[in-house]
Amino acid sequence: MAEESLLERKYFDGIYIPAGLLVFGTVIVKSEWTLYAALVALVLGAIKYWRMLPNKILKPNVFQEFELKEKTVISHNVAIYRFKLPTPAAILGLPIGQHISIGAAIEQPDGSTKEIVRSYTPISGDHQPGYFDLLIKSYPTGNISKHMASLQVGQTIRVKGPKGAFVYTPNMVRHFGMVAGGTGITPMLQVIRAIVRGRAAGDRTEVDLIFANVTQQDILLKEDLDALVAEDKGIRVHYVLDRPPEGWTGGVGFVTQEMVEKLLPKPADDVKILLCGPPPMISGLKKATEALGFKKAKPVSKLEDQVFAF
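Residues numbered from 1 in each chain as written. Predicted model: local features only at pLDDT ≥ 70, side-chain atom pairs only at ≥ 80, totals over all residues. Heavy atoms only, no water.

Stated formally: UniProt positions are given in the numbering used here, feature names are shortened, and annotations may be inferred rather than shown by experiment.
Identification of the chain as NADH-cytochrome b5 reductase from Neurospora tetraspora is taken from an unreviewed UniProt entry. As recorded by UniProt, the Pathway (unreviewed entry) comment attached to the chain reads in full: "Protein modification; peptidyl-diphthamide biosynthesis." Check the Subcellular location (unreviewed entry) section of the UniProt entry for the chain; it says "Mitochondrion outer membrane".

1. Topic: the pattern of salt bridges
Quick note on the threshold: By definition, a salt bridge exists where a carboxyl oxygen of Asp or Glu is found within 4 Å of a side-chain nitrogen of Lys or Arg. Helix and strand assignments come from DSSP, with helices taken as H or I runs of at least 4 residues and strands as E runs of at least 2, each series counted from the N terminus. A 1.4 Å probe rolled over the protein chains alone gives each residue an accessible area, and that area as a share of the maximum for its type sets the label: buried under 20%, exposed over 50%, partly exposed in between.
Considering all chains together, one arrives at 11 salt bridges under this definition. In this structure, the salt-bridge partner of E115 is R158, at a minimum N-O distance of 2.9 Å. Placement of E115 in strand β4 (residues 113-120) and of R158 in strand β6 (residues 156-163) is noted, with a sequence separation of 43 residues between them. Among the residues examined, E115 registers a relative accessible area of 41% and is labelled partly exposed. On the basis of relative accessible area, R158 is assigned to the partly exposed category, the value being 27%.

2. Description of the sheet that holds strand β1 (residues 64-75)
Just so we agree on the cut-off: A pair of strands is considered paired only if DSSP assigns at least 2 bridges between the two. A fitted line through C-alpha atoms serves as each axis, taken over the contacting stretch for helices, and the angle formed by two N-to-C directions is quoted from 0 to 180°.
Spatial ordering of the open sheet is given by β4-β3-β6-β1-β2-β5, a layout of 6 strands whose pairing is antiparallel. Sheet topology places β4 and β5 (131-137) at the edges, where each strand pairs with a single neighbour. In this sheet, adjacent strand axes meet at a mean angle of 40° when their direction is disregarded. Relative to β5, strand β2 (residues 78-84) is paired through 7 bridges, and the arrangement is antiparallel. Bridged to V78 within β5 is K137.

Quick look at the structure:
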């Protein structure tokens, strides 16, 4: 979460103005008590400031329950799920680039139940207190995704975190090259939004994203991505479809080494490649990036790796 300015309106309304009125009123009514009034204002202001600080909710080793507040259906198998945090000022406390774990007891074909845990990256952030949003595509063979699709408003899920080796910090690299497939767009969107929010504070990071899908209807959050591109000249999105419609002007087929070479930044010490998508795609892209001169991707990615797979 970006650091808040102490000059924000809420601090004036909730702390500075009441404290000033207390001291000013004391000066008028009984000036010899001014010092005491100032001390009282300082103590009360500190208490109010502490109470206004966002409360981070996530616990890395403990599952907590969160209630489904709203469900927005995007297509027959995709929806955005909004979960309520305990208070309107609460935040998950999820660093940009990390994810949460969702656990559920799932009934198995033999009638038994098994604890299943899967990882998801919210499309919301800590700059949006009171809730978090998950974009989830349900699959016929999916355990947690099918469970999520069956949820009704008012029901709960079990969540713990943060998890993951990647944490974004402003200007950590000069240029990100990203490749996402399907719902693999979620961590990329989280990072891109953080970059755009950080422009005013001096974040100069550039992004080129290749977003691969089967059909045009499968492109998730396209309006959001297009809006970010229109807003920020340092963000570029290149769409690739396996089955494009007639008249399609974007990329066609699988994401190839040639596409990566043409659309993403060249290897350099201040360039990082981020990958998220189906395992076969990630495996192929690790080989492609190595062939293009990037440092060989490791089986399990670490923050310092030049090619990082979520």
